[in-house]
Amino acid sequence: MWRELLPVGRDAGGGGYHRFAWTPPELECRAWFADEARRRGMPLEHDRNGNMIAWWLPAGWTWRDGRPHRDQGAAPGDAGAESAVLTGSHLDSVPGGGAFDGPLGIVSAFAAVDLLRERGAVLRRPIGIAAFAEEEGARFGVACLGSRLLAGAIDPARARGLKDGDGRTFAEVLHGAGLDPEAIGPDEELLGRVGCYVELHVEQGRALAEPVGVASSIVPHGRWRFGFAGEGNHAGTTALADRRDPMIPFAGMVLAARDAAERNGTVATVGKVRVVPGGVNAIASSVTAWLDARGPADDAVRRTVDEVGAAAREAARPHRVAVEFAEESYTEIVDFNRALRDRLVGTLGGAPVLPTGAGHDAGVLSARVPTAMLFVRNPTGVSHAPAEHAETADCLAGVDALAAVLDDLARG
């Protein structure tokens, strides 16, 4: 499975990945997911928000009307037997991303199902493998968009109006993919069928010394869009005193982000910028930049962003540049379900527990269903870059751990 996915959406020469939601590389990954489900006889559910779930159904369950149903004649059981155990991750990537972020969780989930079947596991609850849409937010700017829509964490009208870099709206892209844009939004029926969600993911730092760990929490994090509006003009004939150059306060904002992060014990990154018109010999008319800020506490993150905004306005004033900034997404601190987390730790014989500074679909879904995460060791700590890596032995340990967790949850 891993070898089949490796070349999809990768830069020539073995560089990073560009698997943006509903672009040809990501669609190829979706087709791969459907093939893997079909190969195992796992029926595939497409929800209203672009997410996919492959189902392994226990005895007493049938597939009809596009979703699992418990047979009326099945032996009665407790209420927990009615709800599914969900696992999985995502298939899309950041620009120039690594191979492991997202796909490792999905490949490992299929491998864990294979392992359980080889062992003759008998389920009481269905197991679903989910592939969530637009987790990275690389195309439409909002991370975890598929899970946010499912959980009701974003207004569907706002989501429909999101635009990609080419000006295409999310609604247009959904329509082109055969989905109804008017139908997106919270799916209480689907959420009601999920008893818990466990996501396996490559660890995105160097905090994990053992092959596999369990997440305790996700730190607060968000994205803000800054706009600097100046006046385009000729680079050679416009005197410095006459310029309204938005690049100057933009540069000040980047430096201010580093300073504010150091003062507040957070991290702040400006990793995306658009300059209009983008000519070497032209003064820019506008600059749009995106700030990513994260930290151990909500107030520290908010204070960081406020200080960056104030510094941007101060830097813009002498250059007669207008500044505006707006929040695009924000997630408060997520403490994963303690009972579920402790159950995973016990199942794995005392696996280490650690927080993470990276956002995940599990964090979004935690507001609606009990969620937990498994991490696979990353020896370099590099992520969102081509050098992202996990050793094969650690990945296999992750499969074993996920299989043990799924077995415990789906049989208990």
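Residues numbered from 1 in each chain as written. Predicted model: local features only at pLDDT ≥ 70, side-chain atom pairs only at ≥ 80, totals over all residues. Heavy atoms only, no water.

An unreviewed UniProt entry lists the protein chain under the name Allantoate amidohydrolase, with Actinomadura violacea given as the organism.

Can you help me understand unusual backbone geometry in this one?
With the exception of glycine, most residues fall at negative phi, and the peptide bonds are largely trans. Here the bond from valine 276 into proline 277 is cis, since omega is 5 degrees, no more than 30 degrees from zero. The backbone of glutamate 134 sits at a positive phi, close to 50 degrees, despite the residue not being glycine. Following the sequence through the fold, glutamate 134 ends up in the loop between β6 (127–132) and α4 (145–151). Classification of glutamate 134 as buried rests on a relative accessible area of 1%. One non-glycine residue, arginine 320, lies in positive phi territory at about 55 degrees. By the element assignment, arginine 320 lies in the loop between α9 (298–316) and β14 (322–331). Judged by its relative accessible area of 44%, arginine 320 falls in the partly exposed class. (Helix = DSSP H or I, 4+ residues; strand = E, 2+ residues; numbered from the N terminus. Buried < 20%, exposed > 50% of the residue type's maximum accessible area, 1.4 Å probe, protein only.)

Any chance you could explain the sheet that holds strand β13 (residues 286–294) here in plain terms?
Remark on secondary structure: sheet strands pair via backbone hydrogen bonds, oriented parallel or antiparallel. Read from one edge to the other, the open sheet built from 4 strands follows the order β11-β13-β9-β14, with strand pairing classed as antiparallel. Two strands in the sheet have a free side with no partner beyond their single neighbour: β11 (267–276) and β14. In this sheet, adjacent strand axes meet at a mean angle of 15 degrees when their direction is disregarded. Pairing analysis gives 9 bridges linking strand β9 (residues 221–229) to β14, with the strands arranged antiparallel. Residue alanine 229 lies in a different strand from β14, and its bridge partner there is alanine 322. This element, helix α8 (residues 247–264), spans β9, β11 and β13 of the sheet and lies at about 170 degrees to β11. On top of the sheet, α9 reaches β9, β11, β13 and β14; it is set at about 165 degrees to β14, its chief contact. (Pairing = 2+ DSSP bridges. Axes fitted to C-alpha atoms, helices over the stretch in contact; angles between N-to-C directions. Contact = heavy atoms within 4.5 Å.)

Quick question: what am I supposed to make of the environment of glycine 97 here?
Mapping glycine 97 onto the fold places it in the loop between β5 (84–90) and α3 (103–118). Separated by 14 residues in sequence, glycine 97 and alanine 111 place their C-alpha atoms 23 Å apart. Ignoring anything within four residues of it in the chain, the contact list for glycine 97 reads Gly16, Tyr17, His384, Ala385 and Pro386.

Any chance you could explain the pairing of strand β8 (residues 212–218) here in plain terms?
Side chains on a regular strand alternate between the two faces of the sheet. Buried residues dominate β8, accounting for 7 of its 7 residues. Where β8 and strand β17 (residues 371–376) come together, 3 bridges link them in antiparallel fashion. Bridge pairing in β17 places valine 212 opposite valine 376. As defined by bridge partners, β8 adjoins strand β16 (residues 353–356) across 3 bridges and the pair is classed as parallel. Its bridge partner lying in β16, valine 214 is registered against valine 353. Bridge count for β8 against strand β15 (residues 334–335) is 2 bridges, and the pairing is antiparallel. Its bridge partner being in β15, serine 217 is matched across the sheet by aspartate 335.

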